[in-house]
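Residue strings, one per chain:
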Amino acid sequence: MAAWVALQLARASGVVTRSLTLIEPVAFYAMRDACEPQAWSEIDAFRQAFVDRIAAGEIEAAMRAFVDYWSLAGTWDAMDEAARAQMRRASAKIVLDFQAAFADPGPDPFRDIRLPLHLIVGDRSPPPVRRIAAVLFQRMSYGALQIVHGANHLLPATHHRVLSDLLLARLEE
(Lines give C-alpha, C1' and ligand atoms only; values in the text may rest on other atoms or scores of the structure.)
Protein backbone atom coordinates (compact mmCIF):
# COMPACT_ATOMS: atom_id res chain seq x y z
CA MET A 1 0.00 0.00 0.00
CA ALA A 2 2.96 2.35 0.42
CA ALA A 3 3.26 2.87 -3.35
CA TRP A 4 -0.45 3.68 -3.51
CA VAL A 5 -0.06 6.20 -0.67
CA ALA A 6 2.97 7.75 -2.39
CA LEU A 7 0.95 8.21 -5.61
CA GLN A 8 -1.84 9.90 -3.65
CA LEU A 9 0.63 12.25 -1.97
CA ALA A 10 2.20 13.10 -5.33
CA ARG A 11 -1.25 14.03 -6.64
CA ALA A 12 -2.04 16.21 -3.63
CA SER A 13 -1.45 19.90 -4.03
CA GLY A 14 1.01 21.42 -1.62
CA VAL A 15 2.98 18.23 -1.01
CA VAL A 16 6.59 18.74 -2.08
CA THR A 17 7.99 15.59 -3.62
CA ARG A 18 11.32 15.30 -5.44
CA SER A 19 10.79 11.86 -6.97
CA LEU A 20 8.79 8.67 -6.55
CA THR A 21 10.10 5.18 -5.94
CA LEU A 22 7.25 2.70 -6.11
CA ILE A 23 7.85 -0.90 -5.08
CA GLU A 24 5.20 -3.39 -6.17
CA PRO A 25 2.50 -0.72 -6.74
CA VAL A 26 -1.10 -1.77 -6.14
CA ALA A 27 -2.89 1.19 -7.71
CA PHE A 28 -5.45 -1.18 -9.19
CA TYR A 29 -7.49 1.65 -10.69
CA ALA A 30 -4.59 2.25 -13.12
CA MET A 31 -5.60 -0.87 -15.07
CA ARG A 32 -9.28 -0.11 -15.34
CA ASP A 33 -8.95 2.54 -18.04
CA ALA A 34 -5.61 1.44 -19.50
CA CYS A 35 -6.80 -1.32 -21.84
CA GLU A 36 -5.73 -4.01 -19.37
CA PRO A 37 -8.94 -6.08 -19.18
CA GLN A 38 -7.26 -9.39 -18.33
CA ALA A 39 -5.21 -8.01 -15.44
CA TRP A 40 -8.17 -5.93 -14.24
CA SER A 41 -10.50 -8.96 -14.31
CA GLU A 42 -7.98 -11.10 -12.43
CA ILE A 43 -7.47 -8.69 -9.56
CA ASP A 44 -11.12 -7.66 -9.39
CA ALA A 45 -12.21 -11.30 -9.14
CA PHE A 46 -9.53 -11.95 -6.51
CA ARG A 47 -10.65 -8.89 -4.51
CA GLN A 48 -14.31 -9.91 -4.67
CA ALA A 49 -13.59 -13.50 -3.59
CA PHE A 50 -11.51 -12.20 -0.67
CA VAL A 51 -14.19 -9.72 0.44
CA ASP A 52 -16.91 -12.39 0.11
CA ARG A 53 -14.94 -14.88 2.21
CA ILE A 54 -14.30 -12.31 4.92
CA ALA A 55 -17.99 -11.32 4.94
CA ALA A 56 -18.93 -15.00 5.27
CA GLY A 57 -16.56 -15.41 8.23
CA GLU A 58 -14.18 -17.63 6.28
CA ILE A 59 -11.12 -15.78 7.57
CA GLU A 60 -8.73 -18.73 7.35
CA ALA A 61 -9.61 -19.52 3.72
CA ALA A 62 -9.49 -15.84 2.76
CA MET A 63 -6.09 -15.29 4.33
CA ARG A 64 -4.64 -18.50 2.87
CA ALA A 65 -5.73 -17.42 -0.62
CA PHE A 66 -4.46 -13.87 0.00
CA VAL A 67 -1.00 -14.85 1.21
CA ASP A 68 -0.52 -17.54 -1.42
CA TYR A 69 -1.63 -15.18 -4.22
CA TRP A 70 0.84 -12.46 -3.26
CA SER A 71 3.73 -14.83 -2.63
CA LEU A 72 3.71 -18.49 -3.66
CA ALA A 73 1.29 -21.36 -3.24
CA GLY A 74 1.96 -23.00 0.11
CA THR A 75 3.31 -19.88 1.80
CA TRP A 76 0.39 -19.71 4.24
CA ASP A 77 0.98 -23.30 5.35
CA ALA A 78 4.72 -22.62 5.76
CA MET A 79 4.12 -19.62 8.06
CA ASP A 80 4.31 -20.10 11.81
CA GLU A 81 1.11 -19.73 13.79
CA ALA A 82 2.06 -16.32 15.21
CA ALA A 83 2.44 -14.90 11.69
CA ARG A 84 -0.84 -16.46 10.56
CA ALA A 85 -2.61 -15.04 13.63
CA GLN A 86 -1.28 -11.59 12.82
CA MET A 87 -2.53 -11.90 9.24
CA ARG A 88 -5.97 -13.05 10.43
CA ARG A 89 -6.15 -9.97 12.68
CA ALA A 90 -5.35 -7.77 9.66
CA SER A 91 -8.11 -9.24 7.48
CA ALA A 92 -10.63 -6.42 8.05
CA LYS A 93 -7.96 -3.81 7.28
CA ILE A 94 -7.09 -5.63 4.05
CA VAL A 95 -10.73 -5.26 2.95
CA LEU A 96 -10.36 -1.51 3.50
CA ASP A 97 -7.02 -1.51 1.65
CA PHE A 98 -8.75 -3.08 -1.35
CA GLN A 99 -11.46 -0.40 -1.20
CA ALA A 100 -8.83 2.33 -1.27
CA ALA A 101 -6.72 0.76 -4.03
CA PHE A 102 -9.79 0.23 -6.22
CA ALA A 103 -11.35 3.66 -5.58
CA ASP A 104 -11.80 5.77 -8.67
CA PRO A 105 -9.43 8.75 -8.36
CA GLY A 106 -11.14 10.62 -11.19
CA PRO A 107 -10.14 11.21 -14.78
CA ASP A 108 -6.47 11.02 -15.71
CA PRO A 109 -5.14 10.59 -12.16
CA PHE A 110 -1.48 10.81 -13.25
CA ARG A 111 -1.79 13.96 -15.37
CA ASP A 112 -0.29 16.30 -12.78
CA ILE A 113 2.47 14.01 -11.54
CA ARG A 114 5.65 15.32 -13.12
CA LEU A 115 8.32 13.62 -11.05
CA PRO A 116 11.14 11.24 -11.81
CA LEU A 117 9.65 7.81 -11.28
CA HIS A 118 11.43 4.62 -10.24
CA LEU A 119 9.31 1.47 -10.35
CA ILE A 120 10.53 -1.80 -8.88
CA VAL A 121 8.60 -5.03 -9.37
CA GLY A 122 9.33 -8.74 -9.12
CA ASP A 123 9.12 -10.96 -12.18
CA ARG A 124 7.12 -13.50 -10.12
CA SER A 125 4.62 -10.98 -8.77
CA PRO A 126 0.98 -11.45 -9.71
CA PRO A 127 0.30 -10.31 -13.28
CA PRO A 128 -1.88 -7.35 -12.20
CA VAL A 129 1.00 -5.82 -10.21
CA ARG A 130 3.41 -6.24 -13.11
CA ARG A 131 0.86 -4.65 -15.45
CA ILE A 132 0.26 -1.73 -13.05
CA ALA A 133 4.00 -1.05 -13.05
CA ALA A 134 4.08 -1.16 -16.85
CA VAL A 135 1.04 1.14 -17.13
CA LEU A 136 2.54 3.65 -14.70
CA PHE A 137 5.85 3.54 -16.53
CA GLN A 138 4.16 4.14 -19.89
CA ARG A 139 1.93 6.86 -18.51
CA MET A 140 4.67 8.65 -16.57
CA SER A 141 7.62 7.78 -18.77
CA TYR A 142 10.23 9.96 -17.11
CA GLY A 143 11.80 7.29 -15.00
CA ALA A 144 12.89 3.68 -14.81
CA LEU A 145 11.18 0.34 -14.48
CA GLN A 146 13.32 -2.35 -12.87
CA ILE A 147 12.35 -6.00 -12.74
CA VAL A 148 13.86 -8.05 -9.90
CA HIS A 149 14.31 -11.61 -11.11
CA GLY A 150 13.05 -14.34 -8.82
CA ALA A 151 11.06 -11.90 -6.67
CA ASN A 152 7.35 -11.78 -5.96
CA HIS A 153 5.23 -9.25 -4.08
CA LEU A 154 7.23 -9.91 -0.92
CA LEU A 155 10.30 -8.47 -2.67
CA PRO A 156 11.24 -6.11 0.20
CA ALA A 157 11.51 -9.08 2.57
CA THR A 158 12.88 -11.76 0.25
CA HIS A 159 15.23 -9.63 -1.86
CA HIS A 160 16.17 -6.92 0.63
CA ARG A 161 19.83 -6.80 -0.42
CA VAL A 162 18.95 -6.32 -4.09
CA LEU A 163 16.37 -3.72 -3.14
CA SER A 164 18.86 -1.89 -0.90
CA ASP A 165 21.37 -1.77 -3.75
CA LEU A 166 18.73 -0.40 -6.15
CA LEU A 167 17.60 2.25 -3.69
CA LEU A 168 21.13 3.31 -2.80
CA ALA A 169 22.07 3.59 -6.47
CA ARG A 170 18.98 5.74 -7.04
CA LEU A 171 19.93 8.05 -4.16
CA GLU A 172 23.39 8.51 -5.64
CA GLU A 173 21.95 9.74 -8.96
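Caption draft 1: Region of the structure containing the overall build of the protein chain. Counting its regular elements, the protein chain contains 10 helices and three strands. Ordered by position from the N terminus, the helices and strands of the protein chain form the series α-β-α-α-α-α-α-α-β-α-β-α-α. A principal-axis box enclosing the C-alpha atoms of the protein chain has dimensions of 45 × 35 × 30 Å. Put simply, the protein chain has 173 residues, and 42% of those count as buried. Long-range contacts, defined as pairs at least 24 residues apart, comprise 70% of the intrachain contacts of the protein chain with a sequence gap of at least 6. Roughly 9,300 Å² of accessible area belongs to the protein chain as shown, and the carbon and sulfur atoms make up 56% of that amount. Here the protein chain contributes 18 positive and 20 negative side-chain charges, whose respective centroids are spaced 3 Å apart.

Caption draft 2: Spatial organisation of the packing of aromatic side chains. As enumerated under the stated definition, the model contains 15 aromatic pairs in all. Ring geometry for Phe46 and Phe98: centres 6.2 Å apart, planes at 65°, overall edge-to-face. Separated by 52 residues along the polypeptide, Phe46 in helix α3 (residues 37-55) and Phe98 in helix α7 (residues 91-102) bring together distant segments of the chain. According to the relative accessible area criterion, Phe98 is buried, its value standing at 4%. Of the aromatic side chains, those joined through ring pairs into one cluster are Phe28, Trp40, Phe46, Phe50, Phe66, Tyr69, Trp70, Phe98 and Phe102.

Caption draft 3: Molecular detail of the packing of α3 against helix α8 (residues 127-139). Two elements in contact, α3 and α8, have axes separated by 9 Å at closest approach and are oriented at 135°. Looking at the two axes, α3 sits oblique to α8. Considering only the axes of α3 and α8, their crossing is left-handed. Side by side, α3 and α8 meet where Ala39, Glu42 and Ile43 of the first sit next to Pro127, Pro128 and Arg131 of the second. For the contact of α3 with α8, a count of residues per class yields four nonpolar, no polar and two charged.

Caption draft 4: Spatial organisation of unusual backbone geometry. Its identity as a non-glycine residue notwithstanding, Glu24 has a phi of 55°, on the positive side. With respect to the secondary-structure elements, Glu24 resides in the loop between β1 (20-23) and α2 (29-32). According to the relative accessible area criterion, Glu24 is buried, its value standing at 5%.

Caption draft 5: Quick look at helix α4 (residues 59-70). Here α4 is 12 residues long and its end C-alpha atoms lie 16 Å apart, about the 16 Å a rise of 1.5 Å per residue gives. Of the residues making up α4, those classed as buried are Ala62, Met63, Phe66, Val67, Asp68, Tyr69 and Trp70. Check the buried side of α4 and you find it contacts α3, α5 (75-78), α6 (81-89), α7 and α8.

Rules behind the numbers
Residues numbered from 1 in each chain as written. Predicted model: local features only at pLDDT ≥ 70, side-chain atom pairs only at ≥ 80, totals over all residues. Heavy atoms only, no water. Helix = DSSP H or I, 4+ residues; strand = E, 2+ residues; numbered from the N terminus. Buried < 20%, exposed > 50% of the residue type's maximum accessible area, 1.4 Å probe, protein only. Contact = heavy atoms within 4.5 Å. Areas by Shrake-Rupley, 256 points an atom, 1.4 Å probe, with all protein chains shown as cover. Lys, Arg positive; Asp, Glu negative; His and termini not counted. Charge placed at Lys NZ, Arg CZ, Asp CG, Glu CD. Phe/Tyr/Trp six-rings, centres within 6.5 Å; stacked < 30°, edge-to-face > 60°. Axes fitted to C-alpha atoms, helices over the stretch in contact; angles between N-to-C directions. Parallel < 35°, antiparallel > 145°, perpendicular 65-115°, else oblique. Left-handed = near helix turned anticlockwise from the far one by under 90°. Nonpolar A, V, L, I, M, F, W, Y, C, P; charged D, E, K, R; others polar. Expected span 1.5 Å × (residues − 1).

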